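Spelled out from the first residue to the last, the chains are:
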Amino acid sequence: MAQLQMFIAGEWVDSVSGAEIATINPANKEVIATFPRGNQEDVDLAVKAARAAFEAKAWQEILPAERGRLLLKLCQLIREQKDELANLETQDTGKPLAQAYADVEVAARYCEYYAGVADKILGETIPIRSDVLNYTVREPMGVTAHIVPWNYPIQIATRSFAPAVAAGNTVVMKPAEDTPLTALRLAALVEQAGFPRGVFNVVTGYGMEAGAALAAHPDIDHITFTGSVATGTSIMRAAAQNIKPVTLELGGKSPNIVFADADLDDAAHWVVRSITQNAGQTCSAGSRLLVEASIRELFVAKVADLMATLRVGAGLDNADIGPIISDKQLQRIESYIEVARDEGAEIRVGGRRHHEAGNGFFFEPTLIDSAKPGSRLAQEEIFGPVLVVLPFGTIEEALAIANGTEYGLVTGIWTSNIHKANWLASRVKSGQVFINNYGAGGGVEMTFGGYRKSGFGREKGLEALKHYTQVKNVAVKINL
Ligand code: NAD
């Protein structure tokens, strides 16, 4: 069993208190490693290190192209070590190995993509009058704080680290207490890539301790958070005390809207995939199936058949669906099955723990029909492999149901009618819309983020850079 340390100011250290936490493999509940239980004191050290690194000549005067080269080197190291990283991710999260490899490649792509951007962060010249030269420059924020969840640890870590560093910030990251392994491995690769000390710091620990201390720290300049609405709310509150900007990505209850004229086999494949990938523990999971009433039986049967073919098992055995992250999450999913029963919905597939898959936290892929659009089951994020069917009659009804939750992250639209697709695409309240696909391969280039309680701010693509820079306007009087 590994005894891990965290990474502050370019050093591998224990927590100041010496306290530790263990992380387990959710497929078999075995302890994989222990790691430091950081708190306020450790966060202070990490923020000091990041501030010193930010102010240091080495970072202030580094060529933007050189920041790009460092990220490119990191990308190369991630690719070289993909086997180790994917194995760590699968052990820590339980996700199928093929998915972990895909996540590691996405992490490499974030570094590659933002490496290319580092020397292309441009300002503007703004015409005012002939004797004034007015221009803007995009400067880094300073020290950015990154609080990462457990569902896609290495992906989400690099999703914000890479643009932050490309733009010239220095970073303090707090990975989830359930899944610290790949963030710590990433720190080792950052060190190997040759980033100056203190540019990347990782403080491990619990959300209520290390996470809360980081969010409330007066010397950070921006917070990026992905996770629950409840935690997002407390992070905003902490940030408000210090007037710090936040980028929040808080999940969803995303619909796939399937019309009778769609390619139903293709739609069924993606509907199932979008709710079972990562055992449904995905912020952008397609957790509501809105199906045109005329094909309800036919389509629901297709989805049920596909769900029945999925193999639930350990991530290292590369099953289709791995375990749920923790007993707490498993119990939470089970509680929604009770809600379904109480609300009179019909459980068509699954609905139970999957004991045959092993002694880990396995849950059957689940399909629930006859739920009411306004019910808790159809409104709340379950964060498990649980799909809720909601039939609709007209396109207006589909729109009302699609927009009828507090969330707004992703919408899938399945139809061969371009007019219906575009009518809906322009009216749904969600940050991403996919027509006849779901995710488009998950490209790092695409803008991603939420409407309403799914959060605000945009990640991925060029749009993300806006959060890691602040704009300074300079006006020069020309006296001649
Ligand atoms: P969470 O939001 O509490 O945890 C996410 C991260 O925030 C972790 O690193 C955690 O340590 C940290 N954190 C927790 N409390 C904090 C605080 N007060 N201050 C600062 N940081 C804090 O999520 P959870 O409790 O692990 O999961 C609960 C629910 O959140 C899930 O069921 C799911 O609905 C949602 N969730 C969403 C996503 C997503 O990708 N949008 C990811 C994970 C969880």
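Residues numbered from 1 in each chain as written. Predicted model: local features only at pLDDT ≥ 70, side-chain atom pairs only at ≥ 80, totals over all residues. Heavy atoms only, no water.

## A short note on the overall build of the protein
For the record, the criterion: Only DSSP runs of H or I covering at least 4 residues are called helices, and only runs of E covering at least 2 are called strands; the numbering of each starts at the N terminus. Computation of the radius of gyration draws on C-alpha atoms, with the globule rule given as 2.2 Å multiplied by the number of residues to the power 0.38. Partly exposed residues are those whose accessible area sits between 20% and 50% of the maximum for their type, while under 20% is buried and over 50% is exposed, using a 1.4 Å probe and protein chains only.
When its secondary structure is counted, the protein shows 15 helices and 20 strands. Its C-alpha atoms give the protein a radius of gyration of 23 Å, within 12% of the compact-globule value 23 Å for 480 residues. With the C-alpha coordinates of the protein rotated into their principal frame, the extents come out at 75 × 65 × 40 Å. Taking all 480 residues of the protein together, the buried fraction comes to 57%.

## As for the packing of helix H4 (residues 82–93) against helix H5 (residues 97–115)
When two helices pack together, their arrangement is given by the angle between the helix axes and the distance between those axes. Heads up, the condition is: Axis definition: a line fit to C-alpha positions, over the contact stretch in the case of helices; interaxial angles, taken between N-to-C directions, run 0 to 180 degrees. Angle categories are assigned with fixed cut-offs, so that under 35 degrees is roughly parallel, over 145 is roughly antiparallel, 65 to 115 is roughly perpendicular, and the rest are oblique. Crossings are sorted by hand: turned counterclockwise from the far helix by less than a right angle, the near helix makes the crossing left-handed, and turned clockwise it makes it right-handed. Contacts were defined at the residue level, with two residues in contact if any of their heavy atoms lie within 4.5 Å.
Closest axis-to-axis distance for the H4/H5 pair is 8 Å, and the angle between their directions is 125°. As judged from the angle between their axes, H4 and H5 are oblique. With respect to the hand of their crossing, H4 and H5 are arranged in right-handed fashion. Two secondary-structure elements touch here, H4 through Lys82, Asp83, Leu85, Ala86, Asn87, Glu89 and Thr90 and H5 through Leu97, Ala100, Tyr101 and Val104.

## So, the domain arrangement of the protein
Applied cut-off: Just so you know, the domain bounds were taken from an automatic or database domain assignment. For this analysis, a salt bridge means a side-chain nitrogen from Lys or Arg found within 4 Å of a carboxyl oxygen belonging to Asp or Glu.
When cut into domains, the protein gives domain 1 (2–250 + 457–474) and domain 2 (255–443). A separation of 31 Å is found between the C-alpha centroids of domain 1 and domain 2. At the interface, 26 residues of domain 1 touch 28 residues of domain 2. Put simply, domain 1 and domain 2 have 0 salt bridges between them. Here the element with the most residues in the side of domain 1 that touches domain 2 is H4; it accounts for 5 residues.

## Some points on a nonpolar patch on the surface
Selection criterion: What makes a patch is a set of residues exposed beyond 30% relative accessible area and free of salt bridges, joined within 9 Å when like-charged and within 5 Å when nonpolar (Val, Leu, Ile, Met, Phe, Trp, Tyr). All accessible areas in this document rest on Shrake-Rupley with a 1.4 Å probe, and a residue is counted as covered only by the protein chains that are shown.
A cluster of nonpolar side chains, namely Leu133, Val476, Ile478 and Leu480, defines an oily patch on the protein surface of about 430 Å² accessible area. Its relative accessible area of 32% is what places valine 476 among the partly exposed residues.

## Thoughts on the sheet that holds strand S18 (residues 432–435)
Inclusion rule: In this analysis, strands are considered paired if DSSP registers two or more bridges between them.
On the basis of which strands lie adjacent, the open sheet formed by 7 strands has the order S14-S15-S16-S13-S12-S17-S18 and mixed pairing. One side of each edge strand has no neighbouring strand; the edge strands of this open sheet are strand S14 (346–349) and S18. On average, adjacent strands in this sheet sit at an angle of 25° to one another, irrespective of strand direction. By the bridge criterion, 5 bridges tie strand S13 (residues 286–292) to strand S16 (residues 386–392) in an arrangement that is parallel.

## Regarding the state of the cysteines
Filter applied, for reference: Cysteine sulfur pairs qualify as disulfides if the two atoms are within 2.5 Å.
On inspection of all chains with the given rule, the structure shows 0 disulfides. Take cysteine 75: it sits in no disulfide, and the sulfur closest to it among the cysteines is that of cysteine 111, at 6.3 Å. For cysteine 75, a relative accessible area of 2% puts it in the buried group. Residue classification places cysteine 111 among the buried positions, given a relative accessible area of 0%.

## A word on the nonpolar core
Condition: What makes a nonpolar core is a set of buried Ala, Val, Leu, Ile, Met, Phe, Trp, Tyr and Cys residues whose side-chain atoms join them at distances within 4.5 Å.
Formed by 79 residues in total, the largest nonpolar core has its most connected members in Leu71, Leu74, Ile78, Tyr114, Phe161, Phe195 and Phe200. Looking at this core element by element, the count peaks at 11 residues for H5.

## So, the confidence of the model for the protein
Put simply, the rule reads: A score between 0 and 100, pLDDT records how confident the predictor is in each residue.
Across the protein, the average pLDDT comes to 97, with 100% of residues at 70 or higher. Per-element mean pLDDT across the protein ranges from 94 in strand S1 (residues 2–3) up to 99 in strand S8 (residues 170–174).

## Side note on the sheet that holds strand S4 (residues 20–25)
Taken in spatial order, the 3 strands line up as S1-S5-S4 in an open sheet, and their pairing is mixed. Each edge of the open sheet is held by one strand with a lone partner, namely S1 and S4. Those strands touched by H4 are S4 and strand S5 (30–36), and its axis lies near 95° from that of S4.

## With respect to the site of the ligand
This is how it is decided: Nearness here has a simple test: a residue counts as near a molecule or strand if at least one of its heavy atoms is within 4 Å of that partner. Under this definition, polar contacts are N or O atom pairs within 3.5 Å; protein pairs additionally need one hydrogen-donor-capable and one acceptor-capable atom, and for neighbouring residues in sequence, both atoms have to be side-chain atoms. The pocket and cavity definitions rest on a 1 Å grid over protein atoms only: a 1.4 Å probe that fits but cannot leave marks a cavity, an open set with protein on both sides within 12 Å along at least five of seven lines marks a pocket, and residues lining either have an atom within 4 Å of a point. Those molecules having more than half of their atoms within 2 Å of a cavity or pocket grid point set are described as sitting in that cavity or pocket.
As a matter of local geometry, the ligand sits amid 29 residues, with Val148, Trp150, Lys174, Glu177 and Glu381 nearest to it. For the ligand, an oxygen atom lies 2.7 Å from a polar atom in the side chain of lysine 174. For the ligand, an oxygen atom lies 2.8 Å from a polar atom in the backbone of serine 228. Within the complex, 91% of the 810 Å² of free accessible area of the ligand lies under protein. Of the pockets mapped on this structure, the ligand occupies the largest pocket. Looking at the shell around the ligand, the elements with two or more residues in it are helix H8 (207–215), strand S10 (222–226), helix H9 (229–241) and helix H12 (327–342).

## Details of the packing of aromatic side chains
Note the following rule: Ring pairs are drawn from Phe, Tyr and Trp, using the six-membered ring of Trp, whenever the two centres fall within 6.5 Å, and their geometry is named by plane angle: stacked under 30 degrees, edge-to-face over 60, tilted for the rest. Definition used: whenever NZ (Lys) or CZ (Arg) falls within 6 Å of the ring centre and also within 35 degrees of the ring normal, the charge is taken to sit over that ring.
In the structure shown here, the tally under the stated rule is 7 aromatic pairs. With a centroid separation of 4.7 Å and 55° between ring planes, the pair formed by phenylalanine 161 and phenylalanine 200 is classed as tilted. Separated by 39 residues along the polypeptide, phenylalanine 161 in helix H6 (residues 153–166) and phenylalanine 200 in strand S9 (residues 200–202) bring together distant segments of the chain. Residue phenylalanine 161 shares its accessibility class with phenylalanine 200, and that shared class is buried. Plain terms: the ring middles of phenylalanine 259 and phenylalanine 392 are 5.2 Å apart, the flat faces sit at 70° to each other, and that makes the pair edge-to-face. On the criterion of sequence distance, the pair formed by phenylalanine 259 in the loop between strand S12 (254–258) and helix H10 (264–276) and phenylalanine 392 in strand S16 is long-range, its members being 133 residues apart. Accessibility classification places phenylalanine 259 together with phenylalanine 392 in one group, the buried group. Through successive ring pairs, a cluster of aromatic residues spans Phe161, Phe195 and Phe200. The side chain of lysine 95 reaches across the aromatic face of tyrosine 152, ending 3.9 Å from its centre. Residue placement shows lysine 460 over the ring face of phenylalanine 448; its charged tip is 5.3 Å from the ring centre.

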